[in-house]
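# Survey of secondary and tertiary structure
The primary structure of each chain is shown beneath.
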Amino acid sequence: MIIKSFRAQNFRNIENCYLEFDKRVNLLLGENAQGKTNAVEGIYLFARGKSFRRGDERDLVRFGAEGFNVSIEYEDKNGTNTLEYAVYGRERRRKKNGYKITKASEMIGSFKAVLFCPDDLTLVKGGPEERRDFINVAISQCYPSYISVYSDYKKALENRNAILKAASKGFYFDEGEILAWSESLAEYASHINVRRKEYIKKLEVYAKRFMSEISEGKENLSLLYKSDVENELSEREEIKEKYKKILTENLMKEKLAGVTLYGPHREDILIEINGKDARTFSSQGQQRSIVLSLKMAEGEVSRELFCEYPVFLFDDVLSELDERRQNFVLDGMHDRQIIITSCERLRTAGQVIEVKGGRFI
Ligand code: ATP
Ligand code: MG
């Protein structure tokens, strides 16, 4: 998959831009606060369905403007496509190939991209939420149906939590209602569990290979989905029953806590290096290598499923890597398109776009 162009109007500090990309390496080069990440954010919006930065969507509108408009033209194995997204006041306009799409989630799964940004460096040492977010976004691009299951899960969770919260405060609650929500929760949780385990298995194959290459065979990476239900079960029905059991057995505890304590919203991915938990034992350099391996692996899984690579967006991370890892990326990305942002000129054979005050030259 290749992004051919990006157009933006009143998006962050970009008043107006039209960028055309090389189908291999693209370097967005500029000093701090010029608009490099803003461009990456605008592009990745189409892969993730929303911004990867925290904050309100209104923040994306250029200061003083009424709204913004972004669009991309990309090529996949079926031909050329366009995606557009515009926000004006309360109005949201999304279009694929000129046709209206109503929900943000319907945008996900068309244009595929892997983002690697400085925040990702906390993927190894950070809390479980960051690792869950990473696989949720990765899985959503590959299996858009995951998005609706996950959103149903979250709705059921909110309802169940509201009842538990009331229970914890001594208010009246309907036991039957909790049980009904536990049933729905277990159903959705089992789907999420199966998908996540399957995805992590695929991811591990490639991540292991990349990690081994980067470390010249010295480091063995393994990934394991750490679930509240037994790991090796493969039948979804069985997993559902396990979740139901755990929710039933711990109901007293949850009533006291006022919140659902078990399920995919609490689960984690265990990352190990040579058999040791990377969260506790990895060095800074190893963490960088792990995250790089995971991101490259994300691209491989996507290729395995769709027979083409996603677009790689490396925001400000390449200059953070030492020369050997930089070369590993730059030399290893033969048949892949990559957009890199940096404050320093990097050794790249591709197109260099200079970024200054929201303008691209
Ligand atoms: P760095 O190298 O430091 O990462 P960058 O080139 O990636 O810099 P960006 O994150 O793209 O910089 O941000 C560029 C500028 O955009 C910042 O100065 C920021 O204040 C500005 N900015 C952010 N949101 C808006 C907005 N809604 N309207 C106008 N300017 C904005
Ligand atoms: Mg930046």
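Everything below is about the structure shown above.
Residues numbered from 1 in each chain as written. Chains lettered and ligands numbered in written order. Predicted model: local features only at pLDDT ≥ 70, side-chain atom pairs only at ≥ 80, totals over all residues. Heavy atoms only, no water.

Turning our eyes to something else, we now look at the packing of helix H1 (residues 36–48) against helix H2 (residues 128–142). Helix-helix packing: each pair is described by the crossing angle between the helix axes and the interaxial distance. Taken N-terminus to C-terminus, the directions of H1 and H2 make an angle of 70°; their axes are 9 Å apart at the nearest point. Considering the angle they form, H1 stands roughly perpendicular to H2. Between H1 and H2, the contacting residues are Tyr44, Ala47 and Arg48 on the first element and Asp133, Val137 and Gln141 on the second. Class assignment for the residues of the contact of H1 with H2 results in 3 nonpolar, 1 polar and 2 charged. (Axes fitted to C-alpha atoms, helices over the stretch in contact; angles between N-to-C directions. Helix = DSSP H or I, 4+ residues; strand = E, 2+ residues; numbered from the N terminus. Parallel < 35°, antiparallel > 145°, perpendicular 65-115°, else oblique. Contact = heavy atoms within 4.5 Å. Nonpolar A, V, L, I, M, F, W, Y, C, P; charged D, E, K, R; others polar.)

Within the structure shown, the criterion is met by 2 cavities of 30 Å³ or more. One number sums up the size of the largest cavity: a volume of about 60 Å³. As for the largest cavity, its lining consists of Lys112, Ala113, Val114, Ala138, Gln141, Cys142, Tyr199, Glu298, Ser302 and Pro310. Those elements that provide at least two residues to the lining of the largest cavity are strand E8 (113–116), H2 and helix H8 (284–306). (1 Å grid on protein atoms, 1.4 Å probe; cavity = no way out; pocket = protein on both sides within 12 Å on 5 of 7 lines; lining within 4 Å. Points joined across faces, edges and corners; volume = space filled by probe spheres on them.)

Once that is clear, we can look at the site of ligand 1. Taken together, the neighbourhood of ligand 1 is formed by 17 residues, with Ala33, Lys36, Thr37, Arg53 and Val61 sitting nearest. Between ligand 1 and Asn38 there is a distance of 2.9 Å, counted from an oxygen atom to a backbone nitrogen or oxygen. Protein burial of ligand 1: of its 650 Å² of free accessible surface, 76% is covered by the chains. Grouping the constituent residues of the shell around ligand 1 by class yields 4 nonpolar, 6 polar and 7 charged. (Near = heavy atom within 4 Å. Polar contact = N/O pair within 3.5 Å; in protein donor to acceptor, adjacent residues only side chain to side chain. Areas by Shrake-Rupley, 256 points an atom, 1.4 Å probe, with all protein chains shown as cover.)

Moving on to unusual backbone geometry. The backbone of Arg12 sits at a positive phi, close to 50°, despite the residue not being glycine. Relative to the elements of secondary structure, Arg12 occurs in the loop between strand E1 (2–11) and strand E2 (14–20). In this model, Asn274 sits at a positive phi of 45°, which is unusual for a non-glycine residue. Within the secondary structure layout, Asn274 lies in the loop between strand E10 (268–273) and strand E11 (276–277).

A word on the sheet that holds strand E6 (residues 91–96). Strand order in the open sheet formed by 6 strands is E2-E1-E4-E5-E6-E7, with antiparallel pairing between adjacent strands. If you trace the sheet from one side to the other, it starts and ends with E2 and strand E7 (99–101), each paired once. The mean inter-strand angle of the sheet, taken between neighbouring strand axes irrespective of direction, is 15°. Examined bridge by bridge, E1 and strand E4 (residues 67–76) share 7 bridges and lie antiparallel to one another. (Pairing = 2+ DSSP bridges.)

So, on to the packing of aromatic side chains. Scanning the entire structure with this criterion turns up 10 aromatic pairs. Relative to Phe111, the ring of Tyr74 lies with its centre 5.4 Å away and its plane at 55°, an arrangement referred to as tilted. One end of the pair, Tyr74, is in strand E4; the other, Phe111, is in the loop between E7 and E8, and 37 residues separate them in sequence. For Phe111, a relative accessible area of 0% corresponds to the buried category. Summarising the aromatic geometry, the rings of Phe312 and Phe314 are spaced 6.4 Å apart at their centres and angled 70° between planes, so their arrangement reads as edge-to-face. Given the relative accessible area of 0%, Phe314 is considered buried. Three or more aromatic residues joined by ring pairs make a cluster, and in this case those are Phe116, Tyr309, Phe312 and Phe314. Over the ring of Tyr143 we find Arg195; its NZ or CZ atom is 3.6 Å from the centre of that ring. (Phe/Tyr/Trp six-rings, centres within 6.5 Å; stacked < 30°, edge-to-face > 60°. Buried < 20%, exposed > 50% of the residue type's maximum accessible area, 1.4 Å probe, protein only. Lys NZ or Arg CZ within 6 Å of the ring centre and 35° of its normal.)

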